[in-house]
Every structure is written in structure tokens, then in C-alpha cells.
Amino acid sequence: SAVISQKPSRDICQRGTSLTIQCQVDSQVTMMFWYRQQPGQSLTLIATANQGSEATYESGFVIDKFPISRPNLTFSTLTVSNMSPEDSSIYLCSVGRIALAASTDTQYFGPGTRLTVL
Amino acid sequence: QQQVKQSPQSLIVQKGGISIINCAYENTAFDYFPWYQQFPGKGPALLIAIRPDVSEKKEGRFTISFNKSAKQFSLHIMDSQPGDSATYFCAASTSGSARQLTFGSGTQLTVLP
């Protein structure tokens, strides 16, 4: 498996500001994903972070609101821009297609970043 | 994303009992079906996964049953323990370069001591 860390673990932010969440993996991975999980709800895919190219966004999510960077095979960032209280959620990084892993289909999740927007 | 329907929403089981969570899907292109366990304040952790070429997979107290014709799969937790109390999510994905997961709505399991 992969060890995934996210920073910050939680934050409280003011409306209209932006927050950048970092995701670091201890091994090279092909796929990195960003999910949102609202309180008591399931996980919704925001985007696939592509190394060296623009992220692929799911319906309902746009680059201007959730810009993503993926500078290498072990690191990605998600920015939540111009935040509103509706953005209060847990943001999760996940990785897949880990090099030398037993299964290329398995996705592993980070611990999440709990964001509260006032 | 194609939908994956999960039931029940919540489940209360006595210690030592069997917990059963069910999922149904529509997209016949799904070919990988993992289950995740999530504790409060933590990210989801992979519990067990199955492919449609087998009807059952068992790992310790956890078993996935898969019915391809009915497009259903279920998680059975044998000898349920209070430490199993968590939220469980089924998921599904298709083959291909991305392997994005489509998640069920989740089941909150409570195992009473």
C-alpha cells in the first residue's frame, strides 16, 4: 500500500478566501484523485490530477473553483478558491496504479482535510 | 458517473452477529468492486475487493458475495465486533486508464457490545 499524507488536516477559513491542500505520497503513483465528502455523506470525485497536464474535472466541478496541480508522481495540490460556507467539507486525496503494487486497481485514500468556511 | 445504490443506510447488530450490507449497480462495464471502511475523522480504508469473474471472496471475517446476473454485491461481516462500528462504502469502477471509483451512499454500522 501507499502512505499518503495531507496538509493541513483541518482549517477554518473566512468566506471569499482560498485554501490550498497538499497531498504527498511515499511512492510513485500513476493516478491521483481528489474527492469531496460532505458531512455524513458519500464521496464525490472532484477531478483526476494528471501529471504534467491539466486535471480532468467531473461534472459540476470547474478549474476556476478547484485548481489542481500535479508537478510530479508523488505530489498534488487542490485549491478551493473564493470559498463559501457551502464548501465546508472533507477533501480527500486518493492514489491508484501504484508502481510495483500487487494490484493496479486499488485506490488508497489520505486522511482528509476537514474544511470549515465561516 | 454511473450510480451505485447501497442499503441499508444504517445497521445495528449485536456483538457476534452477522452484518450484511448490499449494493446494486447499473453499469455492466464495472469490473472492480471494492469495499471501504471509514472511521470518524479518518480517510476510507480498503477492506476487501472483488472482480466479477468470482462469486465470492473471503478475507478473515469479511466476505463479498457477487451476483453478476442480478448486478448486485454484498458485504458480510461475520462475528461482528464493536470495533467494526464504522461507515462502510461499496464502490465500483471500470477498466481503463483512470479507474475512477463510483461510491455507494454508505452504511453506518453500529455493533452493540
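Residues numbered from 1 in each chain as written. Chains lettered and ligands numbered in written order. Predicted model: local features only at pLDDT ≥ 70, side-chain atom pairs only at ≥ 80, totals over all residues. Heavy atoms only, no water.

S.K.: When you look at the sheet that holds strand β1 (residues 4-7) of chain B in this model, what are you seeing that I'm missing?
M.R.: Strands belonging to one sheet form pairs held by backbone hydrogen bonds; the direction of such a pair is parallel or antiparallel. All names here are of chain B. An order of β1-β3-β8-β7-β6 is seen for the 5 strands of this open sheet, with the pairing classed as antiparallel. Here the strands that pair on one side only, and so sit at the sheet edges, are β1 and β6 (56-59). Geometrically, the sheet is characterised by an average inter-axis angle of 15 degrees between neighbouring strands, direction not taken into account. Where β6 meets strand β7 (residues 62-67), 4 bridges bridge the pair, whose relative direction is antiparallel. (Pairing = 2+ DSSP bridges. Helix = DSSP H or I, 4+ residues; strand = E, 2+ residues; numbered from the N terminus. Axes fitted to C-alpha atoms, helices over the stretch in contact; angles between N-to-C directions.)

S.K.: Explain the interface of chain B and chain A to me, please; I cannot follow it from the model alone.
M.R.: Interface size is often expressed as the accessible area that is lost when the parts come together. In this complex, chain B contributes 20 residues to the contact, which on the side of chain A involves 20 residues. Across the chain B/chain A interface, buried area totals approximately 1600 Å², and carbon plus sulfur atoms make up 49% of it. Remark: the boundary between chain B and chain A carries 0 salt bridges. Considering every element that reaches the side of chain B that touches chain A, the biggest residue donor is strand β4 (residues 30-38) of chain B, with 3 residues. A breakdown of the residues in the side of chain B that touches chain A according to their chemical character gives 8 nonpolar, 9 polar and 3 charged. (Contact = heavy atoms within 4.5 Å. Buried area = accessible area lost by both parts, 1.4 Å probe. Salt bridge = Lys/Arg side-chain N within 4 Å of Asp/Glu carboxyl O. Nonpolar A, V, L, I, M, F, W, Y, C, P; charged D, E, K, R; others polar.)

S.K.: Please explain the sheet that holds strand β3 (residues 19-25) of chain A as it appears in this structure.
M.R.: Residue and element names in this part refer to chain A. Across the sheet, 4 strands lie side by side as β1-β3-β8-β7; this open sheet has antiparallel pairing. The open sheet has two edge strands with one neighbour each: β1 (4-7) and β7 (68-72). The average undirected angle you get between the axes of adjacent strands in this sheet is 15 degrees. One ladder, built from 6 bridges, connects β3 with strand β8 (residues 75-80); its direction is antiparallel. When the sheet's bridge partners are listed, Ile21 is paired in β8 with Leu78.

S.K.: Whenever I open this one, the environment of Ser80 of chain B confuses me. Can you help?
M.R.: Residues and elements named next belong to chain B. Its place among the elements puts Ser80 in the loop between β8 (72-77) and β9 (86-94). Under the relative-accessibility criterion, Ser80 is labelled buried at 0%. Leave out the neighbours within four places in its chain, and Ser80 touches Val13, Gln14, Lys15, Gly16, Gly17, Ile18, Ser19, Arg61 and Val111. Engagement of the side chain of Ser80 in a polar contact is seen with the backbone oxygen of Ile77, the distance being 3.2 Å. (Buried < 20%, exposed > 50% of the residue type's maximum accessible area, 1.4 Å probe, protein only. Polar contact = N/O pair within 3.5 Å; in protein donor to acceptor, adjacent residues only side chain to side chain.)

S.K.: Where do I start with the pattern of salt bridges in this structure?
M.R.: Pairing between side chains becomes possible if they bear opposite charge and their charged atoms approach one another. Counted by the stated rule, this structure contains 3 salt bridges over all chains. Its salt-bridge partner being Lys65 of chain A, residue Asp87 of chain A comes within 2.6 Å of it at the nearest N-O pair. Here Asp87 of chain A, found in the loop between β8 and β9 (89-98), pairs with Lys65 of chain A, found in the loop between β6 (56-57) and β7; they are 22 residues apart in sequence, far enough to count as distant. You can call Asp87 of chain A buried: its relative accessible area is 5%. Among the ionic pairs, Glu59 of chain B bridges to Lys57 of chain B, the shortest N-O distance being 3.7 Å.

Note that all results are geometric; they support no functional claim without further evidence.
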